[in-house]
Amino acid sequence: MFAVNLHFNLFDFMGEKDFEKIFQEKIDNEIKIEPRDWMPEKYRQNLIRQVSQHAHSEIVGMLPEGNWITRAPSLKRKAILLAKVQDEAGHGLYLYSATETLGTTRERTINDLHSGKAKYSSIFNYPTLTWADIGAIGWLVDGAAILNQVMLTRTSYGPYARAMVRICREESFHQRQGFEILLVLSKGTTEQKEMCQDAINRWWWPSLMMFGPHDSDSTHSDQSMKWKIKRKSNDELRQNFVDMIAEQVKVLGMSLPDPDLKWNNKTKHYDFGEINWEEFWNVVKGNGPCNRQRLDARKKAWEEGEWVREAAAAYSEKRKIKPKTHKEALETV
Ligand code: FAQ
């Protein structure tokens, strides 16, 4: 006689379509997708792309500001700037970890940056020429980053959404410190006022580019909105940013370099001029003022940090060997 094994799993009878249906239902019902959940391969790849590029932006983003740590005008300013740049490093690390939960490795992710395959935000390819640039980065660049990241606290992938909650808290401190730098300059000497206006003039348009191409030219938006990776479109967020900054600049007594910037009573938003998209794509393709310098700096840091990674890996291996006695345990610390 033979025995029939009646043990079966419901999942054995489900096809790709069923999994996809359950996945989309979760998204529609605002249930977060977690690393061990089934997800379409395209969702996974799209997230690896976006989250890793976000991580790279945080890391490369340390370079323009790091350039001013040794030249900050006071000890207080230096301490604040150091803390801010360290925060950005932390953000990069949370985001690299979130990328790893999607099944890729840290090495592959970083190789993609170094080979030029993966992008990072176009904004970090512009130089920081004066101290006022540090204020403009905090106010405008962190300001733009926050709007985007507040939206991402509601993104559908759990680890990404949770990383964003903490990052947003820190970014709002960054934005305030940037605004305060400019506020002090805006009340200073004629030269300081000019320096403040010059920095705003140079950072304004690149900040608007941070939100990406127009919705009509955005390749990923439709799918990312359907999967609730993105909750607001590029143009919608950009408009929110313009409306916010156009009011804040009045407090500084400065102006934005756009003759077309005007309150529109019908739409209840500010109208603004057309972005130079040729410049944007040029920077994205690697031909901005500092693209080469930024990538070279990252590759150098990676090569010079190899011994640290080796030592950390060796230490981690050593800790895996379970000590036999209390004395041995103490010796391994
Ligand atoms: N720069 O189809 P879409 C920060 C690329 S964090 C370069 O619209 P998507 C903190 C895009 O990747 C700032 N490339 O793309 C800080 C795609 O190319 P691909 C970073 C850009 O993903 C402050 C192609 O164009 N924040 O600043 C840019 O749906 C101060 C088509 O575009 C994030 O990364 C650009 N600006 O929307 C640190 C937030 N825009 O990948 C230090 C998360 C677009 O197919 C100091 N990311 N591209 O080769 C996002 O929300 C989205 O990825 C967008 C782009 C909105 C950036």
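Further up the page is the structure itself.
What comes next concerns the included structure.

Criteria and thresholds
Residues numbered from 1 in each chain as written. Predicted model: local features only at pLDDT ≥ 70, side-chain atom pairs only at ≥ 80, totals over all residues. Heavy atoms only, no water. Helix = DSSP H or I, 4+ residues; strand = E, 2+ residues; numbered from the N terminus. Contact = heavy atoms within 4.5 Å. Buried < 20%, exposed > 50% of the residue type's maximum accessible area, 1.4 Å probe, protein only. 1 Å grid on protein atoms, 1.4 Å probe; cavity = no way out; pocket = protein on both sides within 12 Å on 5 of 7 lines; lining within 4 Å. Points joined across faces, edges and corners; volume = space filled by probe spheres on them. Nonpolar A, V, L, I, M, F, W, Y, C, P; charged D, E, K, R; others polar. Salt bridge = Lys/Arg side-chain N within 4 Å of Asp/Glu carboxyl O. Near = heavy atom within 4 Å. Polar contact = N/O pair within 3.5 Å; in protein donor to acceptor, adjacent residues only side chain to side chain. Areas by Shrake-Rupley, 256 points an atom, 1.4 Å probe, with all protein chains shown as cover. Sits in = over half its atoms within 2 Å of the grid points. Axes fitted to C-alpha atoms, helices over the stretch in contact; angles between N-to-C directions. Parallel < 35°, antiparallel > 145°, perpendicular 65-115°, else oblique. Left-handed = near helix turned anticlockwise from the far one by under 90°. Expected span 1.5 Å × (residues − 1).

1. Topic: the side chain of Ser-122
Here Ser-122 is to be found in the loop between helix H5 (106-114) and helix H6 (131-152). Aside from chain neighbours lying at most four places away, what touches Ser-122 is Met-209, Phe-280, Val-283 and Val-284.

2. Section: unusual backbone geometry
Positive phi is not limited to glycine here, since Glu-30 has a value of about 60°. Along the chain, the position of Glu-30 falls in the loop between helix H1 (16-28) and helix H2 (41-60). With a relative accessible area of 43%, Glu-30 lands in the partly exposed category. Notably, Lys-228 is not glycine yet its phi reads approximately 55°, a positive angle. Within the element layout of this structure, Lys-228 appears in the loop between helix H9 (221-226) and helix H10 (234-252).

3. Some words on empty space enclosed by the protein
Taken as a whole and assessed by the stated rule, the structure comprises one cavity of 30 Å³ or more. By volume, the largest cavity amounts to about 50 Å³. Forming the walls of the largest cavity are Lys-26, Ile-27, Glu-30, Ile-31, Lys-32, Arg-154, Thr-155, Ser-156, Lys-228 and Arg-231. Along the lines of polarity and charge, the residues of the lining of the largest cavity split into two nonpolar, two polar and six charged.

4. Describing the pattern of salt bridges
Inspection of every chain in the model, using the stated rule, returns 20 salt bridges. Linking Arg-162 and Glu-34 is a salt bridge whose minimum nitrogen-to-oxygen distance equals 2.8 Å. Remark: Glu-34 occurs in the loop between H1 and H2 and Arg-162 occurs in helix H7 (residues 158-186); sequence separation between them is 128 residues. Residue classification places Arg-162 among the partly exposed positions, given a relative accessible area of 49%. Residues Asp-198 and Arg-202 are paired through a salt bridge, measuring 3.1 Å at the closest nitrogen-oxygen approach. Residue Asp-198 and its partner Arg-202 are both found in helix H8 (residues 190-209); the two are separated by four residues, about one turn of the helix. Assessed through its relative accessible area of 24%, Arg-202 is described here as partly exposed. Overlapping salt bridges bring together Glu-65, Lys-84, Glu-88 and Asp-142 as one network.

5. Concerning the environment of Trp-38
Residue placement: Trp-38 occurs in the loop between H1 and H2. Here the alpha-carbon distance between Trp-38 and Phe-23, two residues 15 residues apart in the chain, equals 7.2 Å.

6. A closer look at the site of the ligand
By nearness alone, 36 residues border the ligand, and Arg-49, Lys-119, Ser-218, His-220 and Lys-230 come closest of all. Residue Met-209 places a main-chain N or O atom 3.2 Å away from a nitrogen atom belonging to the ligand. Interatomic distance of 2.6 Å between a side-chain N/O atom of Lys-230 and an oxygen atom of the ligand. For the ligand, the accessible surface in isolation is 1100 Å², of which the surrounding protein chains cover 91%. Comparing atom positions with the cavity grids shows the ligand to sit within the largest pocket. Elements that contribute at least two residues to the shell around the ligand include exactly H2, helix H4 (75-100), H6, H7 and helix H11 (277-287). Classifying every residue of the shell around the ligand by side-chain character gives 13 nonpolar, 14 polar and nine charged.

7. Examining the packing of H6 against H7
A pair of packed helices can be characterised by two numbers: the angle between their axes and the separation between those axes. The contact between H6 and H7 brings their axes to 7 Å, and the two run at 150°. In terms of axis orientation, H6 runs roughly antiparallel to H7. Handedness of the H6/H7 crossing: left-handed. Classifying every residue of the contact of H6 with H7 by side-chain character gives 18 nonpolar, nine polar and two charged.

8. Quick look at H6
Between its first and last C-alpha, H6 extends 31 Å over 22 residues, near the 32 Å set by a 1.5 Å rise per residue. With 19 of its 22 residues buried, H6 lies for the most part within the structure.

9. Focus on the layout of surface pockets
In this approach, a probe sized like a water molecule rolls over the atoms, and the result shows the empty space that is left. Considered as a void within the structure, the largest pocket measures approximately 1000 Å³ in volume. In this structure, the largest pocket is lined by 43 residues; those nearest its centre are Gln-53, Ser-121, Met-210, Phe-211 and Gly-212. If you list the elements that add at least two residues to the lining of the largest pocket, you get H2, helix H3 (62-66), H4, H6, H7, H10 and H11. Broken down by element, the lining of the largest pocket gets its largest block of residues, nine residues, from H6. The class makeup of the residues in the lining of the largest pocket is 18 nonpolar, 15 polar and ten charged.

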